[in-house]
Amino acid sequence: MRENLEHLLTRAVSEASSLEEDLRALFEASRDSNADDEHDPEGATVGFERAQLTATLAAAHHRIADLRDALARHDAGTYGICETCGRPIHPDRLEARPGARTCITCAAKPR
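Residues numbered from 1 in each chain as written. Predicted model: local features only at pLDDT ≥ 70, side-chain atom pairs only at ≥ 80, totals over all residues. Heavy atoms only, no water.

### Brief notes about the overall build of the protein chain
Counting its regular elements, the protein chain contains four helices and zero strands. From first element to last, N terminus to C terminus, the protein chain shows the α and β order α-α-α-α. By the burial criterion, 25% of the 111 residues in the protein chain qualify as buried. Look at the contacts in the protein chain between residues 6 or more apart in sequence, and 55% of them connect residues 24 or more apart. Roughly 7,800 Å² of accessible area belongs to the protein chain as shown, and the carbon and sulfur atoms make up 52% of that amount. (Helix = DSSP H or I, 4+ residues; strand = E, 2+ residues; numbered from the N terminus. Buried < 20%, exposed > 50% of the residue type's maximum accessible area, 1.4 Å probe, protein only. Contact = heavy atoms within 4.5 Å. Areas by Shrake-Rupley, 256 points an atom, 1.4 Å probe, with all protein chains shown as cover.)

### Here's the deal with the UniProt feature "domain: Zinc finger DksA/TraR C4-type" (unreviewed entry) in the protein chain
Look at the UniProt record and you will see "domain: Zinc finger DksA/TraR C4-type" (unreviewed entry) annotated at residues 77-109. Between the end C-alpha atoms of residues 77-109 there is a gap of 25 Å, over a span that is 33% helix and 0% strand. (UniProt positions renumbered as here; feature names shortened; annotations may be inferred.)

### Section: the nonpolar core
General note: in soluble globular proteins, nonpolar side chains tend to be found buried as a group. Membership of the largest hydrophobic core comes to 22 residues, with the highest contact counts inside it found for L5 and L67. The set of elements that each furnish at least two residues to this core consists of helix 1 (2-32) and helix 2 (46-76). Ranked by residues supplied to this core, first place goes to helix 1 with eight residues. Residues within four places of L5 in sequence aside, it is in contact with L67, A70, L71, H74, Y79 and P98. (Core = buried A, V, L, I, M, F, W, Y, C linked by side-chain atoms within 4.5 Å.)

In structure tokens, the structure reads:
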């Protein structure tokens, strides 16, 4: 399981790096451009693209934090144990959401 978490973390870090590079390139391109992107009939605005990239990058950083935390729980021997009820988290849930901290039952309870 640890190897899988490490693999997922490596992929997430690589994805975040690529997104950061794309965002940097978008900033540089828009800085050098004089275009009125708000009134461009050809497609999405630079602002929209920037917002979309920023949101995707934030999600990647969140995934990285979740996976690092999951690795720490694995090393502590608590990975796969629901933090709310103390029961095992079903393997299918962990496969779908490797950073899951709660079982399906506890996750479904209103907060």
